Amino acid sequence: MRSLNAWILSLSLAVPTFAALYTSPSQLPRTVYDYIVIGAGTAGSVVASRLTENPSISVLVLEAGVTNEGVLASIVPFLGPSLAPNTVYDWNYTTSAQSGYNGRTVPYPRGRMLGGSSSINYMAYTRGSSEDFDRYAAVTGDPGWAWGNMKQFMTKIEKLVPPADNHSTAGQLDPSVHSLNGAISVSLPGFPTALDDRIMATTRELPAEFPFNLDMNDGNVLGIGWFQGTLGGGKRSSAATAYLQSGQINRPNLHVLINAQVTKLVKTGIVSGLPSFRGVQFASQKGGTTTTVYGNKEVILSAGSIGTPTILQLSGIGPKAALKTVGITAIVDNPSVGQNLSDHALLVNTYNVKGSDSFDNLFRDSNTFSTSLSQWTSSLSGPFTDGIANHLAFLRLPSSASIFKTVKDPAPGPKSAHYEFIFSNLWVQPGIPVPATGGFMSITTCVISPTARGFTKISSSDPFAKPIIDPKFLSTPFDIFTMKEAVKAVQRFTSAKAWKDYILSPFGALATATTDTIIETYVRNNAGTVFHPTGTASMSPKGAKWGVVDPNLKVKGVEGLRIVDASIMPFIPNGHPQAPIYLIAERAAALIKS
Ligand SMILES: Cc1cc2nc3c(=O)[nH]c(=O)nc-3n(C[C@H](O)[C@H](O)[C@H](O)COP(=O)(O)OP(=O)(O)OC[C@H]3O[C@@H](n4cnc5c(N)ncnc54)[C@H](O)[C@@H]3O)c2cc1C
Ligand SMILES: *[C@@H]1O[C@H](CO)[C@@H](O)[C@H](O)[C@H]1NC(C)=O
Ligand SMILES: *[C@@H]1O[C@H](CO)[C@@H](O)[C@H](O)[C@H]1NC(C)=O
Ligand SMILES: *[C@@H]1O[C@H](CO)[C@@H](O)[C@H](O)[C@H]1NC(C)=O
């Protein structure tokens, strides 16, 4: 498994190189721009692309990582999971010991390449619940964040395209809620799996608990629906491919520098009584030469939920006392920087299945792997056009659940979910190689409306040191209750008639997880993350005592600095966050332009 993964990562495609992609600071034609964008990730690429639509605006994007171009595992959908953790495309973070996980630590991947995490993620495209955005509007006091207003940006983001196998998508999504001419290709799975018909049959057999949802991207997430992914023509569509490499990077006013890790923001003066941070210092490695560039109009931080608070803290913007312990004097004392980290806990529930229709042999047998790779290479078709799942489910605890006697429902509203199922036609236990024989299916459960809040903080004044990341997974009564109930719901789901001829047995500790106590032990021993950190530089109303940015995403207490990435979300969304992040970035670009 390890060596197969190394081999997958060594595969590359020949690609043209783009004129304005710089690899060394000595190539930069200048050091002063209108805007400096920090991080060419999911949000940063959108902002850079939209701002440079105006040819008189100059933008420099600084990206710590490498290019995505030619990296086969970032192009072939099925190979995406091999890009992390602990590769050259990853920041290689690990959480601190999680008390909710019996003291275990878990890998905490973040993309470190053009496109950021959108170049390494599992491509689920879920906009979240309309109630997520309505809550953002209520919490910030800015109606511009409400679903009704955000809809206009959906058109700009997404280009619905046929699935790789050109099958009819009638009855699998609602075309009326999609756009045909935005930036990111979105499509349904391009290859059928052994689970598809059985999942649909279960929605008919148990419709009260597991109803079919024609399109969970219309603001109503509840139910089981077909997986919409950021893919098209059999390939991944990322912030890099859609917002940088479909022409934008050839604009003379857009410069992108890779291998450039920002080490701190530099205070350049006082404007309207506030410290101004228009300087950005970076280096390619620990101890390497530093270069400083300047954003005349603004500096935009898009380094993600871990990178952004890390850079702020390194620059003296953060909790004064905590910064002092690592020898940094606070310029702006803001206790919220790095706090309120919110993530989705995950648990993979695995079943042994009959026959050889699961995808497990693709990773076990090099001939099967090569055949599928050749099929992809020659016709962009076959199993390698699929992502991790062909279906997702967003589900609620019943309102009679005992937890609601003591805990207020943390979901943003009655149309939103408490937990999720992700259906995979293979073994997906993170870090554990697939057993030598047998077929598997996995129903991954995730806590979608967690109450736990963690934090991230720098461990040293060395910008190349890894920060402390403590998501506090399953540390609250609501979160552990919900994960246990999700496991029971999986057990009810798989007891439907549709699975009788297919499932042989639950695998591992799931087989004996029959009482609340045993389920809790099973959960705490095996849970991990869906890789969705948010909230570490949250929006709050203008003038609020908490929060890091105002509703226009301007950093509080400073001048000339904005944040556009997952860190500004005041609550984690009801789904996988990339689509909400694209939406936020499109609105942010519009705000900056006006
Ligand atoms: C393995 C994995 C699977 C996932 N699967 C899904 C999924 O299926 N669906 C979904 O919706 N979401 C998924 N996610 C989450 C989603 O991809 C992220 O939430 C989203 O991409 C984050 O966007 P962002 O703009 O906040 O940050 P990112 O896209 O991570 O961008 C941050 C960028 O900033 C750069 N950067 C950071 N620090 C610095 C610095 N100091 N100097 C210069 N550059 C810096 C980074 O290298 C990166 O390019 C997944 C994430 C991972 C890691
Ligand atoms: C992550 O680990 C890989 C593999 O060991 C290594 O090549 C890469 O440089 C590491 N990246 C960082 C940012 O630590
Ligand atoms: C799907 O249709 C496109 C466009 O007509 C075509 O290029 C492609 O080869 C088709 N793919 C398959 C697998 O039939
Ligand atoms: C965390 O977020 C909540 C709102 O959800 C807010 O009331 C609280 O002050 C925040 N904490 C910090 C330290 O910012």
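What you see is a predicted model, and the numbers here were worked out from it, not measured in a lab.

## Overview of the overall build of the protein
Across its full length, the protein holds 13 helices and 28 strands. For 594 residues, the compact-globule estimate of 2.2 N^0.38 gives 25 Å, and the C-alpha radius of gyration of the protein, at 23 Å, lies within 12% of that figure. Its C-alpha atoms put the protein at 70 × 60 × 45 Å along the principal axes. Counting all 594 residues of the protein, 61% fall into the buried class. Taking contacts inside the protein between residues at least 6 apart in sequence as the whole, the part at least 24 apart equals 74%. Carbon and sulfur atoms form 55% of the exposed surface of the protein, whose accessible area is close to 21,100 Å². Once the 46 positive and 38 negative side-chain charges of the protein are each reduced to a mean point, those two points are 7 Å apart.

## Quick look at the pairing of strand β20 (residues 345-353)
Here β20 lies mainly inside the structure; nine of its nine residues are buried. Here β20 shows no split at all, with A345, L347, N349, Y351 and V353 on one side and L346, V348, T350 and N352 on the other all buried. Bridge count between β20 and strand β27 (residues 528-529): two bridges; the pairing is antiparallel. The residue bridging L346 from the neighbouring strand is G528, located in β27. Judged from the eight bridges that link them, β20 and strand β23 (residues 439-447) form a sheet pairing that is antiparallel. Residue N349 lies in a different strand from β23, and its bridge partner there is I443. Pairing between β20 and strand β26 (residues 503-506): three bridges, direction antiparallel. Residue pairing in the sheet places N352 in a bridge with S505 of β26.

## Details of the site of ligand 3
Around ligand 3, the surrounding shell consists of A164, N166 and S381. Out of a free accessible area of 370 Å², ligand 3 has 30% covered by protein chains.

## Examining unusual backbone geometry
A84 connects to P85 through a cis peptide bond whose omega is 0°. Note on placement: P85 falls in the loop between β3 (59-62) and β4 (93-94). At M123, a residue that is not glycine, the phi angle is positive and equals roughly 70°. Here M123 shows up in the loop between β5 (107-108) and α3 (130-140). The exposure class assigned to M123 is buried, which follows from its relative accessible area of 2%. Of note in this structure, L474 is not a glycine but carries a positive phi near 45°.

## Overview of the sheet that holds strand β19 (residues 339-341)
Taken in spatial order, the three strands of this open sheet run β19-β24-β25, and their pairing is antiparallel. If you trace the sheet from one side to the other, it starts and ends with β19 and β25 (468-470), each paired once. Between one strand axis and the next, the sheet turns through 35° on average, direction left out of account. Strands in contact with helix α7 (residues 304-314) are β24 (454-457) and β25; relative to β24, the strand with the most contacts, it is inclined by about 50°.

## Considerations on the environment of G431
Mapped onto the secondary structure, G431 falls in the loop between β22 (419-424) and β23. Assessed through its relative accessible area of 81%, G431 is described here as exposed.

## So, the UniProt feature "active site" (unreviewed entry) in the protein
Under the feature "active site" (unreviewed entry), the UniProt entry names H532 and H576. Spanning 45 residues, the annotated positions come together in the fold, the maximum distance between their C-alpha atoms being 7.1 Å. Position of H532 among the secondary structure elements: in the loop between β27 and β28 (561-563). What makes H532 buried here is its relative accessible area of 7%. Excluding its chain neighbours within four sequence positions, the residues that come into contact with H532 are R110, S342, D343, H344, I572, G575, H576 and P577. In contact with H576, other than residues within four places in its own chain, are A124, T126, L392, F394, E420, I422, V530 and H532.

## A few points about the domain arrangement of the protein
One widely used convention gives an interface's size as the accessible area the parts lose upon coming together. The domain boundaries assigned to the protein delineate domain 1 (20-70 + 241-340 + 535-593) and domain 2 (87-110 + 161-238 + 342-359 + 387-529). Centre-to-centre separation of domain 1 and domain 2, based on C-alpha positions: 30 Å. Contact residues are listed per partner, giving 32 residues for domain 1 and 39 residues for domain 2. When the buried area of domain 1 at its contact with domain 2 is split by residue, I306, I572 and N574 rank highest and sum to 24% of it. If you look at where domain 1 meets domain 2, you find one salt bridge. K286 is paired through a salt bridge with D462; the nearest N and O atoms lie 2.7 Å apart. If you look at where domain 1 meets domain 2, you find 13 residue pairs in polar contact (both at pLDDT 80 or more). Among the elements of the structure, α6 (239-243), β12 (261-266), α7, β19 and α13 (578-593) are those that each provide at least two residues to the side of domain 1 that touches domain 2.

## Digging into the site of ligand 4
With respect to spatial proximity, the complete set of residues near ligand 4 consists of S336, Q339, N340, W546 and F571. Contacts to ligand 4 include S336, whose side-chain N or O atom sits 2.6 Å from an oxygen atom. Between ligand 4 and the protein, one listed contact pairs an oxygen atom with a side-chain N or O atom of N340 at 2.2 Å. Burial of ligand 4 by the protein chains amounts to 60% of its free accessible area of 360 Å². For the shell around ligand 4, a count of residues per class yields two nonpolar, three polar and no charged.

About the cut-offs
Residues numbered from 1 in each chain as written. Chains lettered and ligands numbered in written order. Predicted model: local features only at pLDDT ≥ 70, side-chain atom pairs only at ≥ 80, totals over all residues. Heavy atoms only, no water. Helix = DSSP H or I, 4+ residues; strand = E, 2+ residues; numbered from the N terminus. Rg over C-alpha atoms; globule rule 2.2 N^0.38 Å. Buried < 20%, exposed > 50% of the residue type's maximum accessible area, 1.4 Å probe, protein only. Contact = heavy atoms within 4.5 Å. Areas by Shrake-Rupley, 256 points an atom, 1.4 Å probe, with all protein chains shown as cover. Lys, Arg positive; Asp, Glu negative; His and termini not counted. Charge placed at Lys NZ, Arg CZ, Asp CG, Glu CD. Pairing = 2+ DSSP bridges. Near = heavy atom within 4 Å. Axes fitted to C-alpha atoms, helices over the stretch in contact; angles between N-to-C directions. UniProt positions renumbered as here; feature names shortened; annotations may be inferred. Domains from an automatic or database assignment. Buried area = accessible area lost by both parts, 1.4 Å probe. Salt bridge = Lys/Arg side-chain N within 4 Å of Asp/Glu carboxyl O. Polar contact = N/O pair within 3.5 Å; in protein donor to acceptor, adjacent residues only side chain to side chain. Nonpolar A, V, L, I, M, F, W, Y, C, P; charged D, E, K, R; others polar.

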